[in-house]
Each structure stands twice: as structure tokens, then as C-alpha cells.
Amino acid sequence: MQSQRISINAKDGGQFGAYLSLPPTGKGPGILLIQEIFGVNQHIREVADQYASDGFVVLAPDVFWRQEPGLDIGYDDAGFKKGFGLMQGMDFPKAVEDLCAAAEALKARDEVEGKVASLGYCMGGMLSYLVGTTPGAVDASVCYYGGGIHTALDRAPQAKVPMLMHFAEKDGFIPMDAVAQIKAAFESNRGVEIHTYPNVDHGFNCWGRPMYQQKAAALARGRSLEFLSRTISA
């Protein structure tokens, strides 16, 4: 993959970094890839390259740049403690504003042909939901085990673009009653697809974590690729 670090202008001044990965053809639909609490670390960069290999132009912005630019930490206890603390102290409306600026920058790139979707994991799954329910921000949204979505269902009527959600049935952070609330909120919205995965925990897509589960990860990824090809590919 062709990859590089770029800078994006924030709407209120300043700049933040992002990892850009281009497909082998150099052009394709866009994916705004939204990090977990561990920063734009090696795993997120590898996920960006993975989707780039499928033909997408992938941009992974630094969500924590206002607190600690360039964060890149691992999945040990110290990394989790640090990342969780940063998430707790993050200004979510500002983060959504930054992600919308990143989506605009992605749409403006010459390499992008077709539409742009947001796709996020964990904290990024919640942020992908918030971006997807922001009018005009993206054309589709994918949310992997987005913690807190059930607390923001007042935004459900703003879900005007196609949306795909993945949840783990044994998630230690997102109880199934929260998922049931989400399903109920979107029951009448045919543009929103929600899948649950039995016998797997939060973070099942991340091969750098003990809860990685290959079968569920492959199934969710296949569904995500089918969804993206249907909703944003030219």
C-alpha cells in the first residue's frame, strides 16, 4: 500500500495529523477510519492498509490530538488505563467536529472516487455513529461495538444515511440490553443493519488483543465490505 502522514485543518484553528492509505489503483471510495482509545497505532494503520487493499482510500485521523497528539499505545493494562483516561477527558462534540473536517478533507482528495463512509471501532464505533447522524458529514457509517450508542438514541431520527452496526454478545462493556435498546430505536429504519456475534467479547476484530476471534472478525468484515460496496462504491 502507498501510505503517508498528512495534516488536516481543524475548523477552529490548528492542524491535526492523519494516516492516509491508498489502494493499489490509487483511486477509490473513501473510508474515514476512526480509532479505538489506543490512538492511530500499528493495528489501526494495518486496518487502514487492509481496507486500502480492498480498493478504498482510507484516512485515519488523530482523534486525541487536542489532548496528546500522535498517541500510539498498545493493549496492555497501562495502555488501556491511559487511553480510557483520555477518552473520559475528551470533548466529544469537538471530536465529531474534527472528524467532520477530516471527512471533508477526504472528500476533497483527487484519489477519492465515489462516496465516503465512516468506520470505527470501540470509541471509534460511537464516534462513527455520531458522525453518521450528523447531516451531510458522510454517506454511510459502520460501527463496531460502539460503546455508548444506547445513550445517544435521541440522534436516531437523524440517521438518514445507511448504517451498519456490529456487537459482541459477550461484550463486557456493552450489555445486550443496551443493544436491545438500539435495535428498538432503529426498528423502523430499513437503512440501519444491526448484527450480533455469539460467544465473542468486545474488541473481537482486533488481532492484537486476547479477545480476537477470527471467525466473527471475518464474518463482520465480509458484511462490512458488502455494505460498503453497496453504499459508497461508484
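Note that the structure is predicted; figures quoted are calculated from it, not measured.

### Looking at the overall build of the protein chain
Across its full length, the protein chain holds six helices and eight strands. Ordering the α and β elements of the protein chain from the N terminus gives β-β-β-α-β-α-α-β-α-β-β-α-β-α. Expected size for 234 residues packed as a compact globule is a radius of gyration near 17 Å; at 16 Å, the protein chain falls within 12% of this value. In terms of principal-axis extent, the alpha carbons of the protein chain reach across some 40 × 40 × 35 Å. Among the 234 residues that make up the protein chain, the fraction classed as buried is 54%. When contacts within the protein chain are restricted to residue pairs at least 6 apart in sequence, long-range pairs at least 24 apart make up 68% of them. Summing over all exposed atoms, the protein chain offers an accessible surface of approximately 9900 Å²; the carbon and sulfur share of this is 50%. Positive and negative side-chain charges in the protein chain, numbering 21 and 26 respectively, have mean positions lying 3 Å apart.

### With respect to the nonpolar core
L33, Y51, L127, Y129, M165 and L228 are the most contacted members of the largest nonpolar core, which totals 83 residues. With seven residues, helix α3 (residues 92-107) is the largest single contributor of residues to this core. The residues touching Y129, leaving out its near neighbours within four places in the chain, are S141, C143, I149, A152, L153, R155, A156, M163, M165 and F186.

### Remarks on the packing of aromatic side chains
All chains considered together, the criterion is met by twelve aromatic pairs. Where Y144 meets F204, the ring centres are 6.4 Å apart and the plane angle is 50°; that geometry is what we call tilted. Of this pair, Y144 sits in strand β6 (residues 140-144) while F204 sits in the loop between β8 (192-197) and α6 (214-231), placing them 60 residues apart in sequence. Residues Y144 and F204 agree in their burial class; the two are buried. Site record: aromatic cluster; members linked through ring pairs are Y121, Y144, Y145, Y197 and F204. Above the plane of the ring of Y51 lies R221, whose end atom (NZ or CZ) is 4.7 Å from the centre.

### Re the pairing of strand β2 (residues 15-22)
Judged by how many residues are buried, β2 sits mostly within the fold: six of eight residues are covered. Two strands pair when backbone bridges link them, and strand β1 (residues 2-9) and β2 are joined in this way by eight bridges, in the antiparallel orientation. Residue Q2 lies in a different strand from β2, and its bridge partner there is L22. In textbook terms, the turn of a hairpin is the stretch between consecutive antiparallel strands, and for β1 and β2 this stretch comprises five residues, one of which, G13, has a positive phi near 100°. Taken together, the four bridges between β2 and strand β4 (residues 57-61) define a ladder with antiparallel strand orientation. By the bridge assignment for β4, Y19 is matched with A60.

### Concerning the pattern of salt bridges
Should their charged atoms come close, side chains of opposite charge can pair. Considering all chains together, one arrives at twelve salt bridges under this definition. Across the salt bridge formed by E97 and K94, the nearest N and O atoms sit 3.4 Å from each other. Note that E97 and K94 are positioned in helix α3 at a spacing of three residues, about one turn of the helix. By relative accessible area, which is 26% here, E97 ends up partly exposed. Looking at K94, the relative accessible area reads 24%, which means it is partly exposed. Taking the shortest distance from any N to any O, the salt bridge between E111 and R109 comes out at 3.0 Å. Taking relative accessible area as the criterion, E111 reaches 15% and is therefore assigned buried. Residues joined in a network through salt bridges with shared partners are D12, R66, K94, E97 and D98.

Conventions adopted
Residues numbered from 1 in each chain as written. Predicted model: local features only at pLDDT ≥ 70, side-chain atom pairs only at ≥ 80, totals over all residues. Heavy atoms only, no water. Helix = DSSP H or I, 4+ residues; strand = E, 2+ residues; numbered from the N terminus. Rg over C-alpha atoms; globule rule 2.2 N^0.38 Å. Buried < 20%, exposed > 50% of the residue type's maximum accessible area, 1.4 Å probe, protein only. Contact = heavy atoms within 4.5 Å. Areas by Shrake-Rupley, 256 points an atom, 1.4 Å probe, with all protein chains shown as cover. Lys, Arg positive; Asp, Glu negative; His and termini not counted. Charge placed at Lys NZ, Arg CZ, Asp CG, Glu CD. Core = buried A, V, L, I, M, F, W, Y, C linked by side-chain atoms within 4.5 Å. Phe/Tyr/Trp six-rings, centres within 6.5 Å; stacked < 30°, edge-to-face > 60°. Lys NZ or Arg CZ within 6 Å of the ring centre and 35° of its normal. Pairing = 2+ DSSP bridges. Salt bridge = Lys/Arg side-chain N within 4 Å of Asp/Glu carboxyl O.

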